[in-house]
Amino acid sequence: MTLPEQDKVRRILIRGVNWIGDAVMTTPAIGVVREHYPHAELTVLANPLVAELFLPHDWVDKVMVFDRKGAHHGVTGRLRLASELRKRSFDMAIILPNSFDSALVPWLAGIPVRLGKSSDGRSLLLTDRYAEDVTPPLRHEVRYYLNLVRHFGITGEDVVPRLCTTPTEDRAAEVMLAGEGILTGDRVIAINPGATYGSAKRWYPDRFADVARRLAEEWRARIVLFGSPGEADIAADIERRLGGACLNMAGRTTVRELMALIKRSDFMVTNDSGPMHIAAAFGVPLVAIFGPTDHTGTAPYTDRAVIVRKDTACAPCKLRECPTDHRCMTAVTADDVVAAALELGHSCIKR
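Let us look at the structure shown here.

What counts as what
- Residues numbered from 1 in each chain as written.
- Predicted model: local features only at pLDDT ≥ 70, side-chain atom pairs only at ≥ 80, totals over all residues.
- Heavy atoms only, no water.
- Pairing = 2+ DSSP bridges.
- Helix = DSSP H or I, 4+ residues; strand = E, 2+ residues; numbered from the N terminus.
- Contact = heavy atoms within 4.5 Å.
- Axes fitted to C-alpha atoms, helices over the stretch in contact; angles between N-to-C directions.
- Buried < 20%, exposed > 50% of the residue type's maximum accessible area, 1.4 Å probe, protein only.
- Right-handed = clockwise from strand over helix to strand, strands pointing away.

**Quick look at the sheet that holds strand β9 (residues 247-248)**
The strand order β9-β8-β7-β10-β11-β12 describes an open sheet built from 6 strands, whose pairing is parallel. The strands lining the two open edges of the sheet, one partner per strand, are β9 and β12 (305-308). Sheet topology note: the strand β7 (residues 187-192)/strand β8 (residues 221-225) ladder contains 5 bridges and is parallel. Bridge pairing links Ile-191 to Leu-225 in β8. Strands in contact with helix α7 (residues 205-219) are β7, β8, β10 (267-271) and β11 (286-289); relative to β7, the strand with the most contacts, it is inclined by about 170°.

Here it is, written out as structure tokens:
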């Protein structure tokens, strides 16, 4: 299939992926679409949490929310969403997820050009398809999404993941921290002990607390804990172990507030998670602890990160919960993480 001429594409729909970390890794591909179609109106369709990443974003003109649990639930909801899309008169849909459902709605909406990966029995719903090799080479997820859009002749320069906050959001983050006694010139170490995908990806609260305490002493820094509402208990455990010598923001922020607070941080220690990718997109130096997930595909896409992991026979298993003794994580010590942080921080943390 030949793509429509650039000046004839007025409105493009990008169907976003469903996890925050994955969505950050799609932003270079979105940047390529933006460069190839500089005059088109680019709309991202995403679930409520992911949508916040793009409200606003320099490469995105509009955001539509796909509310799977509300207005767009079930068959009736999908038909409603298709009707909403039809009214926007999109010329093209670029479908980043691989699910059948993500291709069905643009087809129902009658979008004339529908591009995506050939998977999950949805080939007939697409007007052109991307098919990876049966055994694709090891590659980062950022490269996968770039390969996908470039397969269709959409070209542009390589860029790194990018997120955007507004000056108002940045000032609000400073005010929020100042209200807790953390001033503009204070160093901030972000600790992100959660991981939404499952418990197997989570390192241990006592070790996070040990690392946070030692780095805060070394760098004369303040500690801020991050996490979702479902991870509040983990953060509370770390807060107790630190004797309250930290600011616990777990469950207290929106996605946009989390972005601005991470951007303000000087360093992060984290599991493989969405906030890890947010930090990487803002250029925050970080140490990421990997166990059951494959760091070759989902490592933070930045040169300001160090991966700490141990080779074990069962990793990467990619399971949500460990069925044995969690050896891939128990093998990672606080000393390992502190050493990695100090080595990276030597060039990143201003004395």
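Here the narrative resumes.
**Comments concerning the pairing of strand β5 (residues 113-117)**
Within β5, 5 of the 5 residues are buried, which leaves the element mostly enclosed by the surrounding structure. Regarding the hand of the β-α-β motif, the stretch spanning strand β4 (residues 92-95), helix α4 (residues 100-108) and β5 is right-handed. Sheet analysis places β5 next to strand β6 (residues 128-130), joined by 3 bridges and oriented parallel. Bridge pairing in β6 links Leu-115 to Asp-128.

**With respect to the sheet that holds strand β1 (residues 11-15)**
Here we have 6 strands laid out as an open sheet, ordered β3-β2-β1-β4-β5-β6, and parallel in their pairing. Two strands close off the open sheet at either side, each with one partner strand: β3 (62-65) and β6. Strand-to-strand twist across the sheet, computed as the mean angle between neighbouring axes with direction ignored, equals 20°. Note: β1 against strand β2 (residues 41-46), 5 bridges, orientation parallel.

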